[in-house]
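Listed here are the chains, written in short residue letters.
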Amino acid sequence: MDQVELTINGKKVKAPRTSSILKAALDNGIYIPKLCWDRRLTPYGGCRLCLVEMEGQRKLFASCSTPVKDGMEINTESDRIARARKSVLELLLVNHPLDCPICDKAGECELQDLAFKYGPSASRFKGERKQAPEVTTAPLLERNPNRCILCGKCVRICGEHQGVGAIDLIGRGYDTEVSPAFEESLDCEFCGQCVDVCPVGALGSKPFRFRSRAWYMEEKNTVCPYCGCGCTVTLGISEGKIIRSVGTDGVGLSKGDLCGRGRFGVDYVHSDKRLTKPLIRKDGKLQEATWEEATAYISENLKAVIDSSGPEAVGAIGSQRCTVEDNYMLQKFMREAVGTNNIDSLAALGYSKAQKGIKQAFGLDTLPIDYNSPLTSDSILVVESDITSTHPVWGLKLYAALRDFGATLTVIDPKLTKLSRHASEWLRNTPGTAVAVLNGMMRTILDEGIHDKDAESHPGFAELKSKLEEYTPEKVEGLTGIHPDRLKDAARKFAAAERPLACMTLGANENNKSTDTVLATANLLMLVGAGADALEIPAELTNTIGMFEAGIRPDAGPSHTPLEKPGLGLVEMFYGENSPVKAMFIMGENPVVSFPQAEVVEGTLKGLDLLVVQDLMLSDTAKLAHVVLPAASWGEKEGTVVGASGQPQKVIKCIEQTGESVPDWQIFRNLARFMQKDTGLGTLESLQQEIEGKVSFEFDSSKATPQFNPVDLTMAEETDKEYPLKMVTGNLMQHSGSLTTLSKGLESVVSDAIVQMNKADAKVLEIGDEGYIKVASRRGEITLKAKVTDEVPEGMLYVPSHFPHARVHLLTYPSANGAVSIVAVKVEKA
Amino acid sequence: MSKLIDRIIPDPVRCITGISAYEAEGGFRALKKAARAGPDFVIEEIVRAGLRGRGGAGFPTGRKWAAVAEDTATPKYIICNADEGEPGTFKDRLILEKNPFLLIEGMALAAFTVKAGVGYIYLRGEYPALFHLLEDVIAQCRKKGYIGPDFMGTGADLELYVHRGAGAYICGEETAMIESLEGKRGQPRSRPPYTVNYGYMGKPTLASNVETFANVPIILNIGAESYSKIGSPESPGPKLFSVSGDVVRPGVYELPMGVPLSEIIYEHCGGIKGGRALKAVIPGGVSTAVLRSDDLACRMDFTSKCEGSMGIIGSGAVIVFDEETCMVHTAYRIAKFFAHESCGKCTPCREGTDWIRAILLRMEQGLGVEDDIRLLREVCGNIAGNSFCALGDSAAISTIGFLDKFGDEFEAHIKGKTCPFGGPV
């Protein structure tokens, strides 16, 4: 990069030409005080604390908003500068309430620290203290206008960085205040980034209010337990409890960014629903037992099943939320102590589909995302994915690419999402029809001869070409609702990109995409000359990739080593007719709530001779179990997780285990010992050593072997006169599964599976906003609250699927093949 | 020669709001000339004429036009700053009322020269009648092909829009005006990058005052040579002065740059009302420092300075106070204006202007204490040069000006614990 050399305090430093003086100083370890600057935001120049002297200039310069120049001589500390800073601080303190003794920020307040450093000890102005009432109407976030110094960081992080803009400065001059529009109650994503950037105690986290003085709290960095982004959270621990989670500037993959789940959702660890003791079903009821009793019970009954029906009658479900160690031990126990390969996870209906596509298209087992790739791309295509909801922090990179790096963002999505709202081009298709859109784009590219000519030598090119024959723009319009001109335009632009990128997600609860969607996307990328590294499919959860590498799949062991005799997968075990499975271990998963077609799932589980559930709480699945084992949660155990970026990260033990709970891997170790089939892995160290030898966690996309896989748009279920609406399931910004529903914080924002439906559909059915509706599919019927909106198009319903009480999965069905599994439903007023 | 050719406001009584009247008296002649001679010629003429921006800063207009013309980014924009909001300033209003086509001609010249396709007139919100008048004037020009697609056969396009401000003085500051025009909160932007390269929507933008645009047709009509001979050599041309306060004939006067202040007050405005003596004059709007009766010899242009003060001409708003006016009260009223209009972005201005206001108020009420004058000077010293934009500086300059020139009145207020002029407010 183009560098300049300047002198700061007599020290020669180098900085990029685009850098500000402040940034150049900070990057070279020179401190300059500031209150309104943040690495992520456009310089503001408001607080006037970062004033510095420039050689040859009379006035002082705000170093945050003055660019560096070659030969510049800067002085950051002098009597004159100190006087100016002191004056700014004096002015800021005139009307400040000085209520530090009851302010949660005290001890880590930048204003407090700067007042200490530069004085003044008292203000010479005898001003009135501001006495505006605190604003506490919103969930999670509260605002104390009296402490606000109007640095505007909250406004800018919300608008510029998060792309939300829920708040702004209102009023003018001395009467300026931070507020949502028209002084209404805050209605936003509740990411809480504004609280993190507030230099004073003006914005606060409600759950943290009055919980601890900053200096009594111990802080520890670990990896967030939620999605695949793998953000680093800084936990505040006091009296054995996690009382706060914040981001720390520059630390970890996320460099300080966090979403609402990571910030407000980690309180699930202390949920009063946590299990403290093992439970055994006696006389039809689950009753507390000792670990010895529970282990003996399992061992005995497991042996009975193996003796009578063989080891293939045993199955296990691993978890993308548990650590690599937990999952490794599960499969080792199953494969070595029991002798079964019936091992799978919910990812079979989610990220596995992506992996299948990646394997077919590029011959790779695992394709992690390149975290910063959006920032170097000039054209990004998002395929029917609400990435800022599923992967909120990585999603910010897509927004940053558009905002700061001039990338074109094309979003194929029927739903109004944060990305479709900001997109350069929003192709609003019929739900689940991305394959047709992609095929249509490819057909245009081929017709116009603007494809990469080298792509013609990839296997499958001829087949692709003939397959695309039928995807004329007119036919695609019929399938997807996208006008031929817009389709062609998007295709031409994407083909012209120098560094194209295609992004999508494939979570288990997303029924609008499947393996075919991944294949079609890969086809398009290859056709425009891009490779595997241009396909970004972030793995769903914190340890999705780690779980796969540890060997949680029926057809391969650790590191995807093929097996001689593959076992049964999730679909065969749960939905297969005459499934041989009679005993099942379920680790950290809640099939009754999270698996599609809940009625069948329940039937399968009820028919088992032995069901062992290891979980944090008595889930709906645990309620059906013969034995329930209390597992130690994230934060209570050490281990390794590998999220979307494929980088192994350590999670650490921050607090003591709840009750008698133990880490999942220890449960299997103990069980194996009890069954006299000791794995020889007594300690975490020995376990990690073995994993290290078997699993590399090194992924190389340059070994890709590109191949075209022409696909058609196939829907597993079609709408008809009786079931005319398409129900798409997915997650919410604040909720991603069972864990989030244990969080008091997140539940205070959303606690119900509210179904979004279009105004026009609602009008026909005479359904009002917030009215209750009956939603029925060919499999069942449930009652939900409706949100009447134009965020979804006519004919579409969108519903989050993981609220246990809503039982959305009574309506759905599994689909592990290439077809899209959108549910045909009908709706009536409840 | 028709007066329309060489005067900004050719007739103090008549309003030229019909396009045929403007054409009949030589209107659009400059535009036709430019269309023949080309953009480079226009810039050369402005540079040779020595035109300087009439908004108050006096930046050389030719350099600004050249900078926008040279930038290769597209699209480009032109913006006319008609957010005339400083107390005592009402000259732009007169141009818009009496001779609005001159502004449109100036803007069309600018669009043609810098190759901007879209122009905005950012009109002060409190000028509702002018909004309708300008819309009508623009419609007339479009109909006649003086603006619009391929106007005057130049191959250039120009669409003009009038945007009404919402009552914030800060939006007269160029970058705050652009933020406001973009639909954002009216707050000034950091510079660099400068407006000429990174203005409206991040594109090259020519932003100038109404009077500046209105001067350009005159330059082309009479030629740079003759224009540069009007008024002061360093800042030539005609200038509108809005004179208010205790003079016999307040109003807007079109006079050559460099006219002595005393000539404006005593010759053109007929001296002080009621035969009283002059006490103080604010020469260029409330952003300039106040002058005393012994400073009246100074010339009104961008380079002249009076003893102890910065630039004096500002926007050309001359406010005259007679001997019965309380200077503390006057200083307070001006401080109140700045405190009210501070946007709140930077600490020194947001907090400091309010403190100047509070201290001046208590002095005027007879509640001032000995240390207040020193405190005032110190606060002003900490605002001046340290605030984000010129608003904070202006507030400090104004207050220090009153302290410098009328320090005795402030002391009298403190010692007497009351206002000698019959205050308090």
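Residues numbered from 1 in each chain as written. Chains lettered and ligands numbered in written order. Predicted model: local features only at pLDDT ≥ 70, side-chain atom pairs only at ≥ 80, totals over all residues. Heavy atoms only, no water.

J.: So what about the overall build of chain A? Which residues, and what values?
T.: When you go through chain A residue by residue, the secondary structure sums to 25 helices and 32 strands. Taking 830 residues into account, the globule formula puts the C-alpha radius of gyration at 28 Å, and chain A, at 28 Å, falls close to it. Counting only C-alpha atoms, chain A reaches 90 × 70 × 60 Å along its principal axes. In chain A, of all internal contacts separated by at least 6 residues, the share reaching a separation of at least 24 is 73%. Accessible surface for chain A amounts to roughly 30900 Å². Of this, 48% is attributable to carbon and sulfur atoms. Averaged over its 93 positive side-chain charges, chain A has a centre that lies 5 Å from the centre of its 110 negative ones. (Helix = DSSP H or I, 4+ residues; strand = E, 2+ residues; numbered from the N terminus. Rg over C-alpha atoms; globule rule 2.2 N^0.38 Å. Contact = heavy atoms within 4.5 Å. Areas by Shrake-Rupley, 256 points an atom, 1.4 Å probe, with all protein chains shown as cover. Lys, Arg positive; Asp, Glu negative; His and termini not counted. Charge placed at Lys NZ, Arg CZ, Asp CG, Glu CD.)

J.: Residue-level account of the overall build of chain B, with values.
T.: A tally of helices and strands in chain B yields 15 helices and 11 strands. A compact globule built from 425 residues should have a C-alpha radius of gyration of about 22 Å, and chain B, at 22 Å, falls within 12% of that. Across its three principal directions, the C-alpha atoms of chain B cover 70 × 45 × 35 Å. For chain B, the residues scored as buried account for 61% of the 425 residues in total. Surface summary for chain B: the accessible area is close to 15400 Å², and the carbon and sulfur share equals 53%. Side-chain charges of chain B comprise 47 positive and 52 negative groups, with the mean position of each set lying 3 Å from the other. (Buried < 20%, exposed > 50% of the residue type's maximum accessible area, 1.4 Å probe, protein only.)

J.: Please set out the interface of chain A and chain B residue by residue, giving values where relevant.
T.: Listed per partner, the contact involves 32 residues of chain A and 29 residues of chain B. Among the residues of chain A in contact with chain B, A:Leu91, A:Phe125 and A:Arg172 are the three that bury the most area, contributing 26% of the side total. Summed over the shared surface of chain A and chain B, the result is one salt bridge. Taken together, the links from chain A to chain B amount to 15 residue pairs in polar contact (both at pLDDT 80 or more). Counting only elements with at least two residues in the side of chain A that touches chain B, the list comes to α2 (79–93) and β7 (167–170) of chain A. At five residues, α2(A) tops the list of elements feeding residues into the side of chain A that touches chain B. (Buried area = accessible area lost by both parts, 1.4 Å probe. Salt bridge = Lys/Arg side-chain N within 4 Å of Asp/Glu carboxyl O. Polar contact = N/O pair within 3.5 Å; in protein donor to acceptor, adjacent residues only side chain to side chain.)

J.: Tell me about the pattern of salt bridges, and please be specific about residues and values.
T.: All told, the structure shown has 76 salt bridges over all chains when counted by the stated rule. For A:Glu470, the salt bridge goes to A:Lys475, with nearest N and O atoms at 3.1 Å. Here A:Lys513 and A:Glu510 are joined by a salt bridge, their closest N and O atoms 2.4 Å apart. Residue A:Glu510 is classed as buried on the basis of its relative accessible area of 8%. Through salt bridges with shared partners, one network takes in B:Arg54, B:Lys91, B:Asp92, B:Glu211 and B:Lys239.

J.: Tell me about the domain arrangement of chain B, residues and numbers included.
T.: Residue and element names in this part refer to chain B. The domain architecture assigned to chain B consists of domain 1 (4–228), domain 2 (238–322) and domain 3 (327–416). Residue-level contacts link 23 residues of domain 1 with 20 residues of domain 2. Where domain 1 abuts domain 2, roughly 1600 Å² becomes buried across the two surfaces, and 61% of that area is made up of carbon and sulfur atoms. Summed over the shared surface of domain 1 and domain 2, the number is two salt bridges. Salt-bridge contacts for Arg 7 lead to Glu 254; the nearest nitrogen and oxygen are separated by 3.9 Å. Here domain 1 is connected to domain 2 by 11 residue pairs in polar contact (both at pLDDT 80 or more). For the side of domain 1 that touches domain 2, the secondary-structure elements that each account for two or more residues are α6 (91–98) and α10 (210–228). Of the residues that constitute the side of domain 1 that touches domain 2, the class distribution is nine nonpolar, seven polar and seven charged. (Domains from an automatic or database assignment. Nonpolar A, V, L, I, M, F, W, Y, C, P; charged D, E, K, R; others polar.)

J.: Which residues make up the sheet that holds strand β30 (residues 781–789) of chain A, and what are the values?
T.: Residues and elements named next belong to chain A. Around the barrel, which closes on itself, the six strands sit in the order β27-β31-β28-β30-β29-β32 with mixed pairing between neighbours. When the angles between neighbouring strand axes are averaged without regard to direction, this sheet yields 45 degrees. Two elements, strand β27 (residues 725–730) and strand β31 (residues 796–800), share five bridges in a ladder whose sense is parallel. Paired with Thr 729 across the two strands is Val 799, which belongs to β31. (Pairing = 2+ DSSP bridges. Axes fitted to C-alpha atoms, helices over the stretch in contact; angles between N-to-C directions.)

J.: Describe in detail the sheet that holds strand β11 (residues 232–238) of chain A, supporting the description with residues and values.
T.: In a beta sheet, neighbouring strands pair by backbone hydrogen bonds and run either parallel or antiparallel. Residue and element names in this part refer to chain A. Spatial strand order, β10-β11-β12: three strands in an open sheet with antiparallel pairing. In the strand order of this sheet, the two ends are held by β10 (218–223) and β12 (241–246), each with one partner. Strand-to-strand twist across the sheet, computed as the mean angle between neighbouring axes with direction ignored, equals 35 degrees. Direction of pairing for β10 relative to β11: antiparallel, over a ladder of six bridges. By the bridge assignment, Glu 219 is partnered in β11 with Gly 236.

J.: Tell me about the confidence of the model for chain B, and please be specific about residues and values.
T.: Per-residue confidence for chain B averages 94 on the pLDDT scale, and 97% of its residues sit at or above 70. Predicted complex metrics record ipTM = 0.91 and pTM = 0.93. (pLDDT = per-residue confidence, 0-100.)

J.: Describe the nonpolar core, with residues and values.
T.: Nonpolar side chains in soluble globular proteins tend to be buried together. Residues and elements named next belong to chain A. Among the nonpolar cores identified, the biggest contains 193 residues, and Leu 302, Phe 333, Met 334 and Phe 585 are the most heavily contacted of them. The element contributing the most residues to this core is helix α13 (residues 434–447), with nine residues. Each residue touching Met 334, except ones within four places of it in the same chain, is listed here: Val 314, Ala 316, Gly 339, Thr 340, Ile 343, Phe 585 and Phe 668. (Core = buried A, V, L, I, M, F, W, Y, C linked by side-chain atoms within 4.5 Å.)

J.: Tell me what's going on with the packing of aromatic side chains, and back it up with residues and numbers.
T.: Residue and element names in this part refer to chain B. Going through the model one piece at a time under the given rule, you end up with 20 aromatic pairs over all chains. Judged by centre distance (3.6 Å) and plane angle (5 degrees), the ring pair of Phe 28 and Tyr 146 falls under stacked. Placement of the pair is Phe 28 in the loop between α2 (19–24) and α3 (29–37) and Tyr 146 in the loop between α8 (128–143) and β3 (159–164), with a sequence separation of 118 residues. You can call Phe 28 buried: its relative accessible area is 0%. Among the residues examined, Tyr 146 registers a relative accessible area of 7% and is labelled buried. (Phe/Tyr/Trp six-rings, centres within 6.5 Å; stacked < 30°, edge-to-face > 60°.)

J.: With reference to specific residues and values, describe unusual backbone geometry.
T.: Between B:Thr74 and B:Pro75 the backbone carries a cis peptide bond, its omega angle lying at -10 degrees. Mapping B:Pro75 onto the fold places it in the loop between α5 (61–70) and β1 (77–82). Cis geometry is adopted by the peptide bond preceding B:Pro192, which originates at B:Arg191 and carries an omega value of -5 degrees. Its identity is not glycine, yet A:Asn578 carries a phi of approximately 55 degrees, on the positive side. When you line up the elements, A:Asn578 lands in the loop between α19 (570–575) and β22 (583–587). What makes A:Asn578 exposed here is its relative accessible area of 75%. The phi torsion at A:Glu766 lies on the positive side, around 55 degrees, for a residue other than glycine. Tracing the backbone shows A:Glu766 in the loop between α25 (759–764) and β29 (772–777).

J.: Go over the pairing of strand β2 (residues 118–123) of chain B, please, and point to the residues and values.
T.: All names here are of chain B. With respect to burial, β2 is a largely interior element, five of its six residues being buried. Where β1 and β2 come together, six bridges link them in parallel fashion. Looking across to β2, one finds that Ile 78 is bridged to Gly 119. Note that β2 and β3 share six bridges and pair parallel. Residue pairing in the sheet places Leu 123 in a bridge with Arg 164 of β3. In terms of handedness, the path from β2 via α8 over to β3 forms a crossover that is right-handed. (Right-handed = clockwise from strand over helix to strand, strands pointing away.)

J.: Run through the domain arrangement of chain A, naming residues and quoting values.
T.: Residue and element names in this part refer to chain A. Along its sequence, chain A is carved into domain 1 (3–77), domain 2 (126–270), domain 3 (279–346 + 542–694), domain 4 (351–536) and domain 5 (725–829). Just the C-alpha atoms count here: the centres of domain 1 and domain 2 sit 28 Å apart. With nine residues of domain 1 in contact, the opposing surface of domain 2 contributes 14 residues. Both faces combined, the contact of domain 1 with domain 2 buries some 1100 Å², and carbon together with sulfur accounts for 52% of it.

J.: Mind laying out the packing of helix α7 (residues 100–114) of chain B against α8(B), listing which residues take part and the relevant values?
T.: All names here are of chain B. Relative to each other, α7 and α8 sit at 55 degrees, their axes nearing to 10 Å. Between α7 and α8, the angle falls in the class oblique. As α7 runs across α8, the sense of the crossing is right-handed. Contacts between α7 and α8 involve Pro 100, Phe 101 and Ile 104 on the former and, on the latter, Leu 133, Leu 134, Val 137, Ile 138, Gln 140 and Cys 141. (Parallel < 35°, antiparallel > 145°, perpendicular 65-115°, else oblique. Left-handed = near helix turned anticlockwise from the far one by under 90°.)

J.: Explain the environment of A:Val233 residue by residue, including any values.
T.: Residue and element names in this part refer to chain A. Among the secondary structure elements, Val 233 is positioned in strand β11. Expressed as a C-alpha distance, the spacing of Val 233 and Val 197, which sit 36 residues apart in the sequence, is 15 Å. Filtering out sequence-adjacent residues up to four positions away, Val 233 remains in contact with Lys 220, Asn 221, Thr 222, Val 223, Cys 224, Ser 245, Val 246, Leu 258, Gly 262 and Trp 634.

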